Structure formats: structure tokens, C-alpha cells
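Residue strings, one per chain:
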Amino acid sequence: MRFANPLPLLFGLGILLAGASAWALPSDREQPIRVQADSAELDDAKGVAVYRGGVVITQGTLKITGDTVTITQDKNGDIEVFTSVGKPAYYEQQPATDKPVVKAYGLTIQYFAVNERIVLIDQAKVVQEGNTFEGEKIVYDTQRQIVNAGRATGSSVTTPRPRIDMVIQPRKKAEPEQNAQ
């Protein structure tokens, strides 16, 4: 295994993070990417970068944390899969200037760049504007803005949850105008 220049992987990570724009401020893509970890193992030949030890990745309002973060690239250097593993792994991003931060948790968080899908596995939870969505597995298609949740078939989970659990906050109604007296 050889240690390579981290710039191509960081550039690829920038492309990856820019693809998660459905949950992102437009200005996030223009911000520098910062990766902090206790160690990094970069293998250009295999197209794999592994960051370990309290990994924190930030770009604008985006923040991803995990104990281990692995980024895989195809032979052209394009990001294929980004995987964060933690107890739990964490994702947050502000979708718009007038919206609060979206937070997502899971023991494993995967981002598939080609089809712009975020997958939360095991103790999966998404929190947005006070609403929560929990289950064994949550899949968010950022292009179509579709969320699917259910059992994590084919994966071992530490906390089995045969049913999803959602809490939806009531919408605040506009106050009726006072009649002039």
C-alpha cells in the first residue's frame, strides 16, 4: 500500500459532498472541505481512503462525523461510495437559509454518489424541523427527495426495530388578523 497525495481524494470528496445538494445550502459547494482525523490511509491504486479516529468532515454547513470514514473511487477517480461508521455516525446540513439544520444518525451512513442516495443503517434517525423519523434503515434519494424506511434486511443490526417510528410536529397556523375596532 502506498501513501499518496490526498488532494485528488479531497477533490473527489468535494464532488461527492456537492452532490448532496438536496439537503444543502448552495454556497456549501463553494466552501473549502476540511477533514480532521487521527490517521489517514490513502491508496490511489485501489481508489480507497480510510480516515480513523474521531473523523470530522466539514464543508460550509455540512458536517459528517464517525469513528471511521471510508471513501472509494472508481478508476476515473470519481467517488463511488462514502461510508461513515460510528456510535453513531452523524450527518448534518442546513437545506436553506430560512430552514433549520437537518440531522441524521446511524451506526453506518453511506452516500452513493452516482444515484445521490444517502443510506442510514442501524439505529437510523433523521430529525428535521422537530419531526423525527426512526427505523433500522432509512434511504433518502436526494434527487427525487423520496425517503424509504424499513427493516435492514441483509444487515445485522444491534437494535432490531420491526416498525418505523415517526413524530410529526403540528404546523403553526398563521394568526388570524385582528378586526379593526
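Residues numbered from 1 in each chain as written. Predicted model: local features only at pLDDT ≥ 70, side-chain atom pairs only at ≥ 80, totals over all residues. Heavy atoms only, no water.

With an unreviewed UniProt entry as reference, the protein chain is termed Lipopolysaccharide export system protein LptA, source organism Pseudomonas oryzae. Reading the Subcellular location (unreviewed entry) entry of the UniProt record for the protein chain gives the comment "Periplasm". (UniProt positions renumbered as here; feature names shortened; annotations may be inferred.)

Draft legend 1. Structural context of the overall build of the protein chain. Scanning the protein chain from terminus to terminus reveals one helix and ten strands. Going from N to C terminus, the protein chain has its helices and strands arranged as α-β-β-β-β-β-β-β-β-β-β. Per-residue burial for the protein chain yields a buried fraction of 38% across its 181 residues. Looking at the protein chain alone, contacts between residues at least 24 apart form 43% of all its contacts between residues at least 6 apart. For the protein chain, the computed accessible surface area is about 10,700 Å², with 49% contributed by carbon and sulfur atoms. (Helix = DSSP H or I, 4+ residues; strand = E, 2+ residues; numbered from the N terminus. Buried < 20%, exposed > 50% of the residue type's maximum accessible area, 1.4 Å probe, protein only. Contact = heavy atoms within 4.5 Å. Areas by Shrake-Rupley, 256 points an atom, 1.4 Å probe, with all protein chains shown as cover.)

Draft legend 2. Looking closely at the pairing of strand S7 (residues 117–128). Two strands pair when backbone bridges link them, and strand S6 (residues 102–112) and S7 are joined in this way by eight bridges, in the antiparallel orientation. For Tyr111, the partnering residue across the bridge sits in S7 and is Ile118. Direction of pairing for S7 relative to strand S8 (residues 131–141): antiparallel, over a ladder of ten bridges. The residue of S8 that forms the bridge with Val126 is Phe133. (Pairing = 2+ DSSP bridges.)

Draft legend 3. The environment of Thr65, seen in detail. Of note, Thr65 is situated in strand S4 (residues 62–73). Relative accessible area serves as the criterion here: at 17%, Thr65 is assigned to the buried category. Sequence separation between Thr65 and Gly54 is eleven residues, and the spatial gap between their C-alpha atoms is 7.1 Å. Among all residues touching Thr65, those that are not within four sequence positions of it are Val55, Val56, Ser84, Ala89 and Tyr90.

Draft legend 4. Region of the structure containing the pairing of S6. When strand S5 (residues 79–93) meets S6, the two strands line up antiparallel, connected through ten bridges. Within S6, the position partnered with Tyr90 by the bridge is Tyr105.

Draft legend 5. Structural context of the pattern of salt bridges. Scanning all chains against the criterion turns up two salt bridges. A salt bridge links Arg52 to Glu41; the nearest nitrogen and oxygen atoms lie 3.5 Å apart. With Arg52 in strand S3 (residues 48–59) and Glu41 in strand S2 (residues 39–43), this pair connects stretches of sequence that are eleven residues apart. Judged by relative accessible area, Glu41 falls into the partly exposed class, the value being 27%. (Salt bridge = Lys/Arg side-chain N within 4 Å of Asp/Glu carboxyl O.)

Draft legend 6. Region of interest: the nonpolar core. By size, the foremost hydrophobic cluster in this structure holds 24 residues, and its most contacted members are Ile71, Phe82, Tyr91, Leu120 and Val126. Listing elements by their share of this core, those giving two or more residues are S3, S4, S5, S6, S7 and S8. (Core = buried A, V, L, I, M, F, W, Y, C linked by side-chain atoms within 4.5 Å.)

Draft legend 7. Up close: the environment of Glu134. Mapped onto the elements, Glu134 comes out in strand S8. Sequence spacing of Glu134 and Gly106 is 28 residues, and the spatial spacing of their C-alpha atoms is 9.7 Å.

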